[in-house]
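# A structural walkthrough
Residues per chain, in single letters:
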There are 2 protein chains.
Amino acid sequence: MVVAQGKRRRLSAQDWTTAALDALATGGLAGVAVEPLAVQLGATKGSFYWHFADRDALLVAALAQWEREHTDDVIALVETEPDVPARLRLLLSLGLGVFGDHPDGNGVELALLATARHPLVRPALARVSARRISYLAGLFVELGLAPVEAHRRGLLAYTAYLGHAQLVHATPELAPSGAALRRYVDEVTAMLTSGTEPLPNNGATAARDRRGRRGRPQP
Amino acid sequence: MVVAQGKRRRLSAQDWTTAALDALATGGLAGVAVEPLAVQLGATKGSFYWHFADRDALLVAALAQWEREHTDDVIALVETEPDVPARLRLLLSLGLGVFGDHPDGNGVELALLATARHPLVRPALARVSARRISYLAGLFVELGLAPVEAHRRGLLAYTAYLGHAQLVHATPELAPSGAALRRYVDEVTAMLTSGTEPLPNNGATAARDRRGRRGRPQP
DNA sequence: ACCAAACCATACGGTCCCGTACGGAGGTCA
DNA sequence: TGACCTCCGTACGGGACCGTATGGTTTGGT
């Protein structure tokens, strides 16, 4: 929350979109209101309506920035991991918040999900989701699954991610944390990769051998 | 959407809560507004403020009704299936919308999830989620898993359900439907029950009571 | 120093909603 | 039939926002 800093500097459009994303994470789409934002930035609406035509223009800018900064960056980060199973595991760890960056890390995403029907939000969300599911499916293809099967697993992985984020947001006391969360990630990873070639890459495939993971879906 | 019916009947509190749930599914929590509701019911605020102290009282009543009608009824319906694996499968089919009751069936739930931080919504949601996860975990215990392991699977099943609902709501074009959806349910069921005893037939294998078997077969 | 553009404050009208005050229409029962 | 309690319509004040109009204040180029 960037409150009015000492120097009453002049504001740029960027300042407004940053504040908008901040408000989005805090108060949802309805929280992105011009007048409160102006107060928070130590300015008035006069400033805002110089930089933007209206509230929608601000939303468009904020959404574009969010869409740019997320997804691509996360995928790029994950791509630095060469081992494919470990990559999936890393992705899940990031998504499920093993590194404790949940509370506000994806607050914007939750807010967007909450107002997914909004005409400006919907397309941005659709692009991001499609990209993510597609990337996940690709991961399972690399693990040796047929495309259709891989897509199903990608879907499951993504919905599990979405639902987990929802659970953490709505009822954090019901979501696992700490060691239980790491165990949970192990479990989910194992189930998602069940029936997959061991892929003799190099080590670092930690935590397999959950007792009898031997399942194979019907052919 | 129950618009003013011909007879200008007098309204009961129940009429208002029903309309509130309707508005909740349509326009979210913010859609539950007294004045629009009054217009929709062909009445005015004067009526509303006779039956309820304020808007919050309406929300409390609506949430209570929703909480009562869901969860318990769904679980009771599922309990009519004696075979445990089939029961899990039926539950997933219901949750993932195989029977095509998604579009508005759980619109209220999505709206509540969207505003999970609201002080009145939060506890209701927490109770429902806890009950569902607990029931799912019990199912996996009946399938022969240890309690901790069963709880993790229950969590995965529930988050997958939540995420799927979210996906259908936000970007239906990315969610499976028809035959692909049935296939997806197969897949998820298989993965969730992997590493489980085949359980040769026979419904009540584990005589684990679980707070008494309630019987209210009402399909 | 000067000027034009960029930037911003103030003030205003409009919309949508909440909640209160109060009085009038219906039923109900003596 | 008339007193009376239920239920509801009308009217009002207030708050939170959006967007516009208008004129003032910086700022950078010359």
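Each remark here, short or long, concerns the structure printed above.
Residues numbered from 1 in each chain as written. Chains lettered and ligands numbered in written order. Predicted model: local features only at pLDDT ≥ 70, side-chain atom pairs only at ≥ 80, totals over all residues. Heavy atoms only, no water.

### With respect to the overall build of chain A
For chain A, the count of helices and strands is 11 helices and zero strands. Its helices and strands taken in sequence order, chain A reads α-α-α-α-α-α-α-α-α-α-α from the N to the C terminus. Residues counted as buried form 47% of the 219 residues belonging to chain A. When contacts within chain A are restricted to residue pairs at least 6 apart in sequence, those whose partners lie at least 24 apart make up 65%. Looking at chain A as shown, the accessible area adds up to about 10,800 Å², and 58% of this sits on carbon and sulfur atoms. (Helix = DSSP H or I, 4+ residues; strand = E, 2+ residues; numbered from the N terminus. Buried < 20%, exposed > 50% of the residue type's maximum accessible area, 1.4 Å probe, protein only. Contact = heavy atoms within 4.5 Å. Areas by Shrake-Rupley, 256 points an atom, 1.4 Å probe, with all protein chains shown as cover.)

### A word on the protein's contact with DNA strand D
Inspection of the region around DNA strand D gives 17 residues, with Val34 and Lys45 of chain A together with Leu11, Thr44 and His51 of chain B positioned closest. For DNA strand D, the fraction of protein-proximal atoms (within 4 Å) that sit in sugar or phosphate groups is 64%. Interatomic distance of 2.8 Å between a backbone N/O atom of Val34 of chain A and a phosphate oxygen of DNA strand D. Separating a phosphate oxygen of DNA strand D from a backbone N or O atom of Arg55 of chain A is a distance of 3.1 Å. Counting residues per element, the ones that place at least two in the surface near DNA strand D are helix H2 (34-40) and helix H3 (45-51) of chain A together with helix H3 (45-51) of chain B. Considering every element that reaches the surface near DNA strand D, the biggest residue donor is H3 of chain B, with four residues. Looking at side-chain class alone, the surface near DNA strand D contains seven nonpolar, four polar and six charged residues. (Near = heavy atom within 4 Å. Polar contact = N/O pair within 3.5 Å; in protein donor to acceptor, adjacent residues only side chain to side chain. Nonpolar A, V, L, I, M, F, W, Y, C, P; charged D, E, K, R; others polar.)

### What about the side chain of Thr189 of chain A?
Looking at the secondary structure, you find Thr189 of chain A in helix H11 (residues 178-192). In contact with Thr189 of chain A, not counting residues within four places along its chain, are Arg89 and Leu92 of chain A.

### Regarding helix H10 (residues 147-170) of chain A
The end-to-end C-alpha distance of H10 of chain A, which contains 24 residues, comes to 34 Å, matching closely the 34 Å that a straight helix rising 1.5 Å per residue would cover. Where burial is concerned, most of H10 of chain A is hidden: 19 out of the 24 residues are buried. (Expected span 1.5 Å × (residues − 1).)

### Some points on the interface of chain A and chain B
Contacts between the two partners involve 42 residues from chain A, matched on the other side by 41 residues from chain B. When the buried surface of chain A facing chain B is broken down by residue, Arg152, Leu156 and Met191 of chain A rank first, second and third, together holding 16% of it. Taken together, chain A and chain B are joined by four salt bridges. Of the charged contacts, one joins Glu187 of chain B and Arg152 of chain A as a salt bridge, the two residues approaching to 3.7 Å between their closest N and O atoms. (Buried area = accessible area lost by both parts, 1.4 Å probe. Salt bridge = Lys/Arg side-chain N within 4 Å of Asp/Glu carboxyl O.)

### Quick word on the relation of the copies chain A and chain B
With an axial shift of 0.0 Å and an RMSD of 0.1 Å, the rotation relating chain A to chain B amounts to 180°. Put plainly, the chains are arranged around a two-fold axis. (Least-squares fit on C-alpha atoms with pLDDT ≥ 70 in both.)

### Regarding the protein's contact with DNA strand C
Close to DNA strand C lie 16 residues, the nearest being Arg10, Leu11, Thr44 and His51 of chain A together with Lys45 of chain B. The sugar-phosphate backbone supplies 59% of the atoms of DNA strand C found within 4 Å of the protein. At a separation of 3.1 Å, a phosphate oxygen of DNA strand C approaches a polar backbone atom of Arg55 of chain B. For the surface near DNA strand C, the secondary-structure elements that each account for two or more residues are H3 of chain A together with helix H2 (34-40) and H3 of chain B. For the surface near DNA strand C, the element with the most residues is H3 of chain A, which contributes four residues.

### Some details on the pattern of salt bridges
Under the definition given, this model contains 20 salt bridges over all chains. Arg153 of chain A is the salt-bridge partner of Glu149 of chain A, the closest N and O atoms lying 3.0 Å from each other. Here Glu149 of chain A and its partner Arg153 of chain A are both found in helix H10, four residues apart, which amounts to about one turn of the helix. The burial state of Glu149 of chain A is the same as that of Arg153 of chain A; both residues are buried. Glu149 of chain B is the salt-bridge partner of Arg152 of chain B, the closest N and O atoms lying 3.4 Å from each other. Of this pair, Arg152 of chain B and Glu149 of chain B both sit in helix H9 (residues 147-170), three residues apart, roughly one helical turn. Classification of Arg152 of chain B by relative accessible area gives buried; the value is 10%. When salt bridges that share partners are traced, they join Glu149, Arg152 and Arg153 of chain A together with Glu187 of chain B into one network.

### Some words on the packing of aromatic side chains
Throughout the structure, instances matching the rule amount to eight aromatic pairs over all chains. One aromatic cluster is present, built from ring pairs that chain together Trp16, Phe48, Tyr49 and Phe52 of chain A. (Phe/Tyr/Trp six-rings, centres within 6.5 Å; stacked < 30°, edge-to-face > 60°.)

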